[in-house]
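Structure at a glance
The residues making up each chain are set out below.
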Amino acid sequence: MKDDYAVIGRSVPKLDARLKVTGQALYAGDMKFPNMLFGKILRSPHAHARILKIDTSEAERLHGVKAVITHKDVPPKKYGVSPARRDENIFCIDKVRHVGDKVAAVAAIDEETVYRALKLIKVDYEELPAVFDPIEAMAEGAPLIHDDFPHNINVEVHQSFGNVKEAFDRAFHVRTDTFLGHRTYHSPLEPHVSIAFWEGDKVTVYATTQKAHYLQVDLARQFDLPLGKVRVVCPFIGGGFGGKAAAMGLDFAAVALSRLTGRPVKMFYDRDEMFTHNRGRHRQIMELTTGVDRDGKILGIHANFIMDGGAYTGNGIATAYYSGALLPVSYEFDNFKYDMFRVYTNLPGSASQRGHGAVHPKYALESQLEMIARDLGIDSLEIRLRNRRKPNTVTVNELGVNSCELETCIETARKISNWNEKKGKLPRGRGIGVASGGFVSGAGYPIYRTNLPHSVALIRVNEDGSAATLYTGAVDIGQGSNTVLCQMAAEAMGFRHEDITVVSADTERSTLDFGAYSSRQTLMSGWAVKKAGEMVKEKLLEMASKMMNVEPEVLECKGSEVFVKNNPTIREPFGKIAREYFVKNGILMGQGSYTPPKLGGDYKGAAVGTSPAYSFSAQIVELKIDEETGEIDVKGVWDVHDSGTVINPALVHGQSHGGIYMGLGEAIWEEVKFDENGRILNPNLAEYRMPTALDVPMMDSLAVEGFEPAGPWGAKEVGEGASVPTEGAVANAILDATGVLMDTLPFSYEKVWHALRKKEKAADKE
Amino acid sequence: MYLPDFEYYIPKTLGEACEILAQSDGEARVLAGGTDLLRDMKNDVGVPKALVSLKAIQGLDQIAYVAGKGLVVGAKATHNDLAGSSLLKEHYAAIPETARVMANNQIRNRGTVGGNIVSSVPSADLPPIFIALNASVTMIGPHETRTIPLEQFFVGPRRSVLNCDEILTELIIPDQKTTGSAYLKLGLRRSGALAVVGVAASVVANGGRIDHARIVLGAVAPTPVRAFKAEQILVGNSVTGALLEEAGRAAADECKPISDIRGSAEYRRDMVRVFTKRALCKALQLPIK
Amino acid sequence: MMEGIEHTTSGDKRYAIQLIVNGDSYDIVVKANALLVNVLRDQLNFTGTKKGCELGDCGSCTVLLNGKPVNSCMVLAVEADGCEITTVEGLAHNDELDTIQQAFIDHAAVQCGFCTPGMIMSAKALLNDNPHPTEQEVREAIAGNLCRCTGYVHIINAVLAASNKDKKGV
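Residues numbered from 1 in each chain as written. Chains lettered and ligands numbered in written order. Predicted model: local features only at pLDDT ≥ 70, side-chain atom pairs only at ≥ 80, totals over all residues. Heavy atoms only, no water.

1. A short note on the overall build of chain B
Of the regular secondary structure elements, chain B holds 11 helices and 14 strands. A compact globule built from 289 residues should have a C-alpha radius of gyration of about 19 Å, and chain B, at 19 Å, falls within 12% of that. Within the span of chain B, comprising 289 residues, buried residues form 61% of the whole. A separation of at least 24 residues holds for 59% of the contacts in chain B among residues at least 6 apart in sequence. Element-wise, carbon and sulfur atoms account for 51% of the exposed surface of chain B, whose accessible area totals about 11200 Å². For chain B, the centre of its 33 positive side-chain charges and the centre of its 29 negative side-chain charges are spaced 8 Å apart. (Helix = DSSP H or I, 4+ residues; strand = E, 2+ residues; numbered from the N terminus. Rg over C-alpha atoms; globule rule 2.2 N^0.38 Å. Buried < 20%, exposed > 50% of the residue type's maximum accessible area, 1.4 Å probe, protein only. Contact = heavy atoms within 4.5 Å. Areas by Shrake-Rupley, 256 points an atom, 1.4 Å probe, with all protein chains shown as cover. Lys, Arg positive; Asp, Glu negative; His and termini not counted. Charge placed at Lys NZ, Arg CZ, Asp CG, Glu CD.)

Okay, structure coming up:
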């Protein structure tokens, strides 16, 4: 089937690669507008403090400063990602809730003046007791962070399916383990930037955002503007990973300052400010209980989690549900209980980060499953095969799965990693571990309640058919959505992809699309593009049938040529037909839109976790431990993915490598650390250690043959599913190498050393 | 980020440079590669009122053998100059090896030997191996020039005996008998990582018997420290696994590590034991383990 | 070699310096605290060089300074006076891409692209010195360039492929 495609399945070069390798691609930080000012936000030095007084007079007097604003100068409305949790102000009004919280902003003629002006703003604070741990925050007498949330409980989830107690009672073996997941941060290479300018009553914002539409909606709401008076444009974006996925203080401040000054204002964060803004992966305490029968088949799981949500909710409300919702996807079982408290603390907010909520819980489950396998003497791959999800099944929490090649993924991973030759046979200090992965291919429900379609696409062919433009609101944050959607447009139209220009991620000049999150664009934006392309082709073939004097049904179009299917020597160029159509109709265009069907159950929180399709994967990690120092040397990683039909193999594998890379980083090297006053100790790229090229091995990525009926041409996601299993695979490899279960992330060298020394002492005692 | 304002001088001679430093009342800093200095200034740490650039002063970056003195490394030699020096590779291979594990390639093209020494950062990688090789440093002031053993240069974290009107101009490695030397560091990733622990060793061995040993520990005390007891354990004895282990334990007792975001004191102490053994193995050209 | 110029109104000192960027000479006036990366991006409009961390930790700002890769965020413009600087904009020959640039395109080594200019400059310096590096040597050369998207896999493939291309006697 794949060989029939003209451009689907081909590793065409990324559309923007040339611009990027020549330095021509303009990112928001590169953009300059006439008369532009620069702006930055003043941030709180305290974790929890009342604001008594803000004196901006000296800052305002500094030569070159054009405006200094505080909460008095912006709408006092609270904002947030979900209407249910609007808990954040543009600038704090009565108190600050974390080190780095937003207090004021300055616009000035150059960057240096902005920095100087920030230093001149005088704020009188009254420090309040602060709390940095979710359990302490829930306890009696803890400082209250938000008035409306007693005990600092931000989100509470209690979901129950089947009967776990009964399942545990009849289980052959039950294990309860507690795992600690840590705070990590997306740390894209590109810092956040937001540029705003007004033309009359319309504001345009060039933002480093993954979601142009949602930002547009949030800005319109905040400033009481009609949607049509807010235009959001995404320039080239230097990575998001879930960290550029919600409206930020920078965006609101840019809009306010540009209105006030009458000039474009470019707001930006430095690297350390990115860390204090954060909205990265939650720290979470995960108590997991799993009961299995004597064959290791899971009978029930109880996930009892506490999440450190930080000071604001943002996307975190969805994370709270995702943390449990996706646990039942890889493996089949009939009893599931999910209890979760997401708690406010006086630390930067946590929210969505690649794999959104599913990553730490997956590590917990995969580690526990590994221990269960050891307890029962079952092979690691075997226990996963016995529990694997099968196609066309429904999870215990009512998530419908169509295609699922998990079995093939596991068996293929076994082969390409030489698992059978290695497991149990590696020299001392070396280990191999496995975990399954996978993720949603787009969230089944929008972030705010709306009946708008999730993706819309428009294709317009030019007057002589020598080029076409694809309009899509999808946002290319580096994953290559523009390229993949261009391939899809070309395939659907029968047009040469080289002749298609993509206009994307501009709420005014492209189309509606919810943007890049929950790995939705290949499937959802793709459907809209496919329909748009098919409409163009249909109109074209209708015209061609008249011109070529045949029935439309006998015609096909490929590579910008129309031909008779069983006599391809009878052919006409696309352009000739298109021109004729253009002359007769004034425009040749096609449109398409996509809304997912109603998905999921009716219980509270059921919407989160739903998706038209799920990717699946198996990931194997082999590593070597220096037993004296605890140093971890990752020798190999093999990822086998079921992404359905692969639209662009090179891009899919690139995403897989990147997902593994982030997974390894978070598993071993990365952690956001705080001091006793809630200040980040390592808000820089020297001490927040992302792996360098010397730290990670070559990675093997393979995609299995698959077809997802709910996906365009059978396609599903890969971008997040590849980072979901890595922490678990690394933990299991360390377990295999050392016999030690690592129950606290990250698996730093010192932690491994400590665990090994503890094990030796225990062995000595015996 | 931005740099605060500062006076900027480009003296043409060392004498001129020292004059400016002398007149600046301790408020001026020497600028060579700037990789440490600019970082501090951007982070608002110890911001000087003036920078005295060494840009125009010729001849401070040579690596050459000077008869009667030894192997002389100019203070402006960069870490990549060290890494690529065939002279060093031939005589003291541990030095280019050490340079190669510092920071990253871009920093190594700017950062200088002088800067790494003068910064007096306890985790600096060059001081331990230089001290193990008996190095001395020359400092030029407005009135006098002095040369002292590098071992006596460091006073505490970011503090040295260098006066505020002096400039460190060269490092001298005297002719010496050495069977081998090595520096090994524990970093938390393989590039761009400060030493959690660093151990340098230089030995003179005869047919498996150690005649002479210098062991220097970095990142585990306010300054680089000699592991004297470990050295004494080795001298006069034949190399065995047990001897190296004993030396490692002794070295571990001689350091004063702190706990910080890179590691606990307990971990560091044990790593001194491990890395002392390993550095000695490497210096003795024995397989590690 | 260089004299400070008094700025008559404010009394701030300014320095006239010459930067030879991508083969062309630029005479510009800067303050002592001006960083090379900002001068390249803002005054000379070479925005290909990126700012990712401004502390020399990420390599996004890598340029060649007299042929050697450095973090331009950690170099004062005044210190670069009279130096030859190569930025990513200086690699292509008119419309013809450098072998490394083409290899990055062909091997899908570009995802978000933010690390790409700095990465390519480090690779360029490597291949200038060592035309046929091993995989390990490539990793060492780019160890100071952080990438969040690719896991370095396609990047290393691209650099090795570029080195092989040059083998063919180009």
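2. Considerations on the domain arrangement of chain B
Note on interface size: it is often stated as the accessible area lost on association of the parts. Residue and element names in this part refer to chain B. Here chain B is partitioned into domain 1 (7-53), domain 2 (63-173) and domain 3 (180-283). Counting residues at the interface gives 23 residues for domain 2 and 22 residues for domain 3. Note on domain 2 versus domain 3: buried area summed over both sides is about 1800 Å², and carbon and sulfur give 57% of it. Taken together, domain 2 and domain 3 are joined by four salt bridges. In this structure, the salt-bridge partner of Asp 125 is Lys 185, at a minimum N-O distance of 3.1 Å. At the junction of domain 2 with domain 3, the criterion picks out 12 residue pairs in polar contact (both at pLDDT 80 or more). Of all the secondary-structure elements, those providing two or more residues to the side of domain 2 that touches domain 3 are helix H5 (94-100), helix H8 (126-132) and strand E8 (154-156). The leading source of residues in the side of domain 2 that touches domain 3 is H8, at five residues. A class-by-class count of the residues in the side of domain 2 that touches domain 3 yields 15 nonpolar, five polar and three charged. (Domains from an automatic or database assignment. Buried area = accessible area lost by both parts, 1.4 Å probe. Salt bridge = Lys/Arg side-chain N within 4 Å of Asp/Glu carboxyl O. Polar contact = N/O pair within 3.5 Å; in protein donor to acceptor, adjacent residues only side chain to side chain. Nonpolar A, V, L, I, M, F, W, Y, C, P; charged D, E, K, R; others polar.)

3. With respect to the packing of helix H11 (residues 359-376) of chain A against helix H12 (residues 380-387) of chain A
Residues and elements named next belong to chain A. Running from amino to carboxyl end, H11 crosses H12 at an angle of 110°, the nearest separation of the two axes being 9 Å. Our classification of the angle between H11 and H12 gives roughly perpendicular. Here the hand of the crossing between H11 and H12 comes out right-handed. Residues Glu 366, Leu 369, Glu 370, Ile 372 and Ala 373 of H11 form the contact with H12, whose own contacting residues are Ser 380, Ile 383 and Arg 384. Classifying every residue of the contact of H11 with H12 gives four nonpolar, one polar and three charged. (Axes fitted to C-alpha atoms, helices over the stretch in contact; angles between N-to-C directions. Parallel < 35°, antiparallel > 145°, perpendicular 65-115°, else oblique. Left-handed = near helix turned anticlockwise from the far one by under 90°.)

4. Overview of helix H7 (residues 249-261) of chain A
Residues and elements named next belong to chain A. In a regular helix each residue adds 1.5 Å, so 13 residues correspond to 18 Å; H7 covers 18 Å between its end C-alpha atoms and thus fits that length. Counting buried residues along H7, 11 of its 13 residues qualify, which places the element largely inside the surrounding structure. Here H7 has its buried residues at Gly 249, Leu 250, Asp 251, Phe 252, Ala 253, Ala 254, Val 255, Ala 256, Leu 257, Ser 258 and Thr 261. Just past H7, the residue Gly 262 takes up positive phi, approximately 70°. (Expected span 1.5 Å × (residues − 1).)

5. Points about the interface of chain A and chain C
Taken together, the contacts link 54 residues of chain A with 50 residues of chain C. Summing the contributions of chain A and of chain C, the shared interface buries around 4000 Å²; its carbon and sulfur component is 59%. Looking at the side of chain A facing chain C, the largest losses of area belong to Val 21, Leu 189 and Met 698 of chain A, adding up to 18% of the total buried there. Here chain A and chain C share six salt bridges between them. Residue Glu 111 of chain A is joined to Lys 51 of chain C by a salt bridge in which the shortest nitrogen-to-oxygen separation is 3.8 Å. Where chain A touches chain C, the interface holds 27 residue pairs in polar contact (both at pLDDT 80 or more). Where the side of chain A that touches chain C is concerned, the elements lending two or more residues are helix H1 (17-21), helix H3 (111-120) and helix H18 (649-669) of chain A. With eight residues, H18 of chain A is the largest single contributor of residues to the side of chain A that touches chain C. The residue makeup of the side of chain A that touches chain C, split by class, is 27 nonpolar, 15 polar and 12 charged.

6. Considering the sheet that holds strand E2 (residues 49-55) of chain A
Residue and element names in this part refer to chain A. The sheet built from three strands is open, its strands ordered E4-E2-E6 with antiparallel pairing. Looking along the sheet, the strands with just one partner apiece sit at the ends: strand E4 (95-96) and strand E6 (122-127). Here E2 pairs with E4 via two bridges, running antiparallel. Directly across from Ala 49, in E4, lies its bridge partner Val 96. (Pairing = 2+ DSSP bridges.)

7. Thoughts on helix H1 (residues 14-23) of chain B
Residues and elements named next belong to chain B. Burial in H1 covers these residues: Leu 14, Ala 17, Cys 18, Ile 20 and Leu 21. Within H1, the buried residues cover an arc of 160° as seen down the axis, which keeps them to one side. Those residues of H1 hidden inside the fold are in contact with strand E1 (7-9), strand E2 (28-31), strand E3 (50-53), strand E6 (136-140) and strand E10 (167-173). Downstream of H1 by one or two residues, Asp 25 has phi in the positive range, about 60°. (Arc of directions from axis to C-beta.)

8. Description of a negative patch on the surface
Residue and element names in this part refer to chain A. Taken together, the side chains of Glu 538, Glu 542, Glu 551 and Glu 553 define an acidic patch exposed on the protein surface. Locating Glu 553 in the fold gives a position in the loop between helix H16 (521-548) and strand E22 (555-558). You can call Glu 553 exposed: its relative accessible area is 56%. (Patch = residues over 30% accessible without salt bridge, like charges linked within 9 Å, V, L, I, M, F, W, Y side chains within 5 Å.)

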